[in-house]
Number of protein chains: 2
Amino acid sequence: MDIRTVAAEAGVSIATVSRVMNHVKTVDPKLSKRVWEVVNRLGYVPNTQARALVSGRSRLFGVIISDITNPFFPELIQGFEEKAVEVGYETMIGSTKRDLKQMELCIQRMLERKVDGVAVMTFGIEPLLLERLSLQGIPMVFIDVAPPGHAITPPPGKAISTISIDYEKGIREGVQHLAVLGHRRIGFLAGPRYLHTALAREHAFRRSIQAIGLALPEEYVFEGDHTAEVGMDGMSALLALADPPTAVMCSNDMTAIGAMHTALGAGLRIPHDLSVIGFDDIRLAQYMFPPMTSIQMSRRDLASAAVMALKAHIDESEDHPAPSNTGIETRLVVRQTTSIPRGALSDLKPGE
Amino acid sequence: MDIRTVAAEAGVSIATVSRVMNHVKTVDPKLSKRVWEVVNRLGYVPNTQARALVSGRSRLFGVIISDITNPFFPELIQGFEEKAVEVGYETMIGSTKRDLKQMELCIQRMLERKVDGVAVMTFGIEPLLLERLSLQGIPMVFIDVAPPGHAITPPPGKAISTISIDYEKGIREGVQHLAVLGHRRIGFLAGPRYLHTALAREHAFRRSIQAIGLALPEEYVFEGDHTAEVGMDGMSALLALADPPTAVMCSNDMTAIGAMHTALGAGLRIPHDLSVIGFDDIRLAQYMFPPMTSIQMSRRDLASAAVMALKAHIDESEDHPAPSNTGIETRLVVRQTTSIPRGALSDLKPGE
DNA sequence: CTGAAAGCGCTAACAG
DNA sequence: CTGTTAGCGCTTTCAG
């Protein structure tokens, strides 16, 4: 069952069937109607492979993420997929699991399938591999920023864009929220420093603390890896301190979940004995107990921006250059893991 | 840059290049080596579209799920994808969001891409749509069971298999565990009854309760929809009862998370005042506080079985018929949301 | 506005 | 063991 079957059945040429299927407007409505009837009756579905082969466009986008098991990503993927389908594209997911070998395989697969664009939602990607993509002139979009320095300037057009996230805003809101409540000792459970998006969060935190005039002992910052597992370790480390923080901010929600787990396990009450703020505001955050205060950035907006950037590059032309930078905001969502610190009153110095 | 470029550069015919790329063993090692060198030097990547077009096989599997946002599915998808890549297949995901329109689109997309097999990991799928798949003779694998009754017997070969899950075992273990601890009033937060997998769990629960000789007032069973949101509602309903249960078993972990949330919010202590058992044992279960007792079924095994079943159907031949049924076990994982009920001692009647 | 014909990049007979 | 050749199903000039 192929285009010929339909053509024969409708008494037209295959070219006409092709035109009808592609909604070419210059087709006689009579013929068009006849063809559609046959298509529906026979249940004809055009073969994407053949279409792609001849048109040179696969209508496929690749998304590279690190770990589909972190709830943040499925939510992001869902948004991406929806938007992609909306503009007529399919999505192919590549999970690198932070492993070089996986990453290589995953890029190989995308090249084989001739993706029309790639969204890189993770860092830790080998510049060399990226070059393979950019050399083919495949449009790419990065979250945050392309790998530092390393020149991935593709030969002719630089079909690369970036979605920059204003971490600063949300994190500043969080720190101020804590400070207003009376916290003076605020810790930070950071993400892996090789991960650009994690580092950006840490920097924003440091700046916010400084801006507000608080001290930040180096042992108040713990480098983790964005898993609940290591969030537990980080919290343990903080609690073991002679003078532990009264509040912790976390680089992502999974870390915060781990931290809460450990704190609760140690007999602390949240938020009475310890305030916690997460980051990402994954859906689950509100179902924790107590419901978690977190910093939100819209997965929908992010995903949507990524798809649109890719689409823009594809439709790009001399007089319609694609924009190469989009911004996404972050904002604090206050729930119930933050309150005044237990020792709040005694912390007050005369004059305050 | 195509197969011709490579052939020319290596001084062989395109057929030879094709053979080398496909690891056909009858190629002169000398030539093979020469070709590989050129391939690597040029960074040649074969075009999957063309390959698929001529070979008639897309090396693509479709997976139909209902809601990628439920943590159970990403974990499943990850397993599926890994296994699929292992046997040389790509995975295409279709999220139906329990919406008929979405489902239709999603099947349409799979047909267009000419998937070599489909794993249906959700129920609630229109038999008519399914028929479109089976009529094309596309191998399918279902979790649990094909839609009841409705004859989806494809014309020639019946390339359909089922992965049946032994819910009974895990659930019986859970109920017994509770009974041994001293619980006599056990509630059940069920999933949507139109969902086969949910109904099977409910039935297993009812049988287990009966087997152990306990009473099950109808108001102890609450039909939910496998979301945390409605899990909260269910728990509220149970707590509002004159004689509320001392333990609840849930049809999935998200429901259990919602239930715990509400119970904790109502001032109950878990497990002291209320025991809770989830189902699925998603990763997060252990990071809840207290860590959740849950019934596990291996996502890995499930995913793996699905891929292998599809693969078997594809490689099927007269003398190597594909097995059409695989079984997956479930088992109780005891953590800290279950303990003896508060009123345990007073519940004991003389003679017990 | 419609049809005939030329491939897209590759695999799989079929000769040599 | 290697090369030549005929398509896979479709889009897209180019004539009519």
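Residues numbered from 1 in each chain as written. Chains lettered and ligands numbered in written order. Predicted model: local features only at pLDDT ≥ 70, side-chain atom pairs only at ≥ 80, totals over all residues. Heavy atoms only, no water.

- The name that an unreviewed UniProt entry assigns to chain A is Transcriptional regulator, LacI family, with the source organism given as Granulicella rosea.

Notes on the sheet that holds strand β4 (residues 140-143) of chain A
Residues and elements named next belong to chain A.
- The sheet built from six strands is open, its strands ordered β2-β1-β3-β4-β5-β11 with parallel pairing. Unpaired on one side and paired on the other, β2 (90-95) and β11 (325-329) mark the two borders of the sheet. Taking the axes of each pair of neighbouring strands and ignoring which way they run, one obtains an average angle of 20° across the sheet.
- Bridge analysis of strand β5 (residues 160-166) against β11 gives five bridges, and the strand direction is parallel. Bridge pairing in β11 links Thr162 to Asn325.
- Across the face of the sheet, helix α5 (residues 72-86) comes into contact with β1 (60-65), β2 and β3 (117-120) while running at roughly 170° to β1.
- Seen against the sheet, helix α8 (residues 167-181) touches β5 and β11 and runs at an angle of roughly 15° to β5. (Pairing = 2+ DSSP bridges. Helix = DSSP H or I, 4+ residues; strand = E, 2+ residues; numbered from the N terminus. Axes fitted to C-alpha atoms, helices over the stretch in contact; angles between N-to-C directions. Contact = heavy atoms within 4.5 Å.)

Quick look at the protein's contact with DNA strand D
- Near DNA strand D there are 25 residues, and of these Ile3 and Tyr44 of chain A together with Thr16, Arg19 and Asp28 of chain B occur at the shortest range.
- The side chain of Asn22 of chain A places a nitrogen or oxygen atom 3.2 Å from a phosphate oxygen of DNA strand D.
- In the environment of DNA strand D, a phosphate oxygen lies 2.4 Å from a nitrogen or oxygen atom belonging to the side chain of Tyr44 of chain A.
- Those elements giving two or more residues to the surface near DNA strand D turn out to be α1 (3-10), α2 (14-21) and α4 (48-55) of chain A together with α2 (14-21) and α4 (48-55) of chain B.
- No other element matches α2 of chain A, which puts four residues into the surface near DNA strand D.
- A breakdown of the residues in the surface near DNA strand D according to their chemical character gives 13 nonpolar, six polar and six charged. (Near = heavy atom within 4 Å. Polar contact = N/O pair within 3.5 Å; in protein donor to acceptor, adjacent residues only side chain to side chain. Nonpolar A, V, L, I, M, F, W, Y, C, P; charged D, E, K, R; others polar.)

What to know about the relation of the copies chain B and chain A
- For the pair chain B and chain A, the superposition axis carries a translation of 0.1 Å, the fit reaches an RMSD of 0.1 Å, and the rotation angle comes to 180°. Classification of the inter-copy transformation places it as that of a two-fold axis. When C-alpha distances to the rotation axis are compared across chain B, the minimum falls at Gln49 of chain B, with a value of 2.5 Å.
- Of the interface residues in chain B, 100% have counterparts in chain A that sit at the interface too, so the contact is made through matching surfaces. (Least-squares fit on C-alpha atoms with pLDDT ≥ 70 in both.)

Focus: the packing of aromatic side chains
Residue and element names in this part refer to chain A.
- Applying the stated criterion across every chain yields a total of 10 aromatic pairs over all chains.
- Taken together, a centroid distance of 5.4 Å and an interplanar angle of 75° make the contact between Phe72 and Phe73 edge-to-face.
- Looking at Phe72, the relative accessible area reads 9%, which means it is buried.
- By relative accessible area, Phe73 is classed as buried at 9%.
- Feature note: the residues Phe61, Phe80 and Tyr89 constitute an aromatic cluster, connected by ring pairs. (Phe/Tyr/Trp six-rings, centres within 6.5 Å; stacked < 30°, edge-to-face > 60°. Buried < 20%, exposed > 50% of the residue type's maximum accessible area, 1.4 Å probe, protein only.)

As for the pattern of salt bridges
Residues and elements named next belong to chain A.
- Within the structure shown, the criterion is met by 44 salt bridges over all chains.
- Between Arg193 and Glu223 there is a salt bridge, and its shortest N-O distance comes to 3.2 Å. One end of the pair, Arg193, is in the loop between β6 (186-190) and α9 (196-211); the other, Glu223, is in strand β7 (residues 221-223), with 30 residues separating them in the sequence.
- Owing to a relative accessible area of 31%, Arg193 belongs among the partly exposed residues under this scheme.
- For Glu223, a relative accessible area of 39% translates into the label partly exposed.
- In the salt-bridge network here, residues are joined through shared partners; they are Arg193, Glu202, Arg206, Glu218 and Glu223. (Salt bridge = Lys/Arg side-chain N within 4 Å of Asp/Glu carboxyl O.)

Things to note about the sheet that holds strand β10 (residues 293-296) of chain B
Residues and elements named next belong to chain B.
- The six strands lie next to each other as β7-β6-β8-β9-β10-β12, forming an open sheet whose pairing is mixed. The open sheet is flanked by β7 (221-223) and β12 (331-333), the only strands paired with a single partner. Averaged over all pairs of adjacent strands, the angle between strand axes in this sheet comes to 20°, irrespective of strand direction.
- Examined bridge by bridge, β10 and β12 share three bridges and lie antiparallel to one another. Residue pairing in the sheet places Ile295 in a bridge with Leu332 of β12.
- Its contacts with the sheet place helix α9 (residues 196-211) against β6 (186-190), β7, β8 (247-250) and β9 (275-280), and it is angled at close to 170° to β6.

Thoughts on the protein's contact with DNA strand C
- For DNA strand C, the set of nearby residues contains 25 residues, the closest of which are Thr16, Arg19 and Asp28 of chain A together with Ile3 and Tyr44 of chain B.
- The sugar-phosphate backbone supplies 68% of the atoms of DNA strand C found within 4 Å of the protein.
- Contact distances for DNA strand C include 2.6 Å between a phosphate oxygen and a side-chain N or O atom of Thr16 of chain A.
- For DNA strand C, a phosphate oxygen lies 2.4 Å from a polar atom in the side chain of Tyr44 of chain B.
- Among the elements of the structure, α2 and α4 of chain A together with α1 (3-10), α2 and α4 of chain B are those that each provide at least two residues to the surface near DNA strand C.
- At four residues, α2 of chain B tops the list of elements feeding residues into the surface near DNA strand C.
- Split into classes, the residues belonging to the surface near DNA strand C amount to 13 nonpolar, six polar and six charged.

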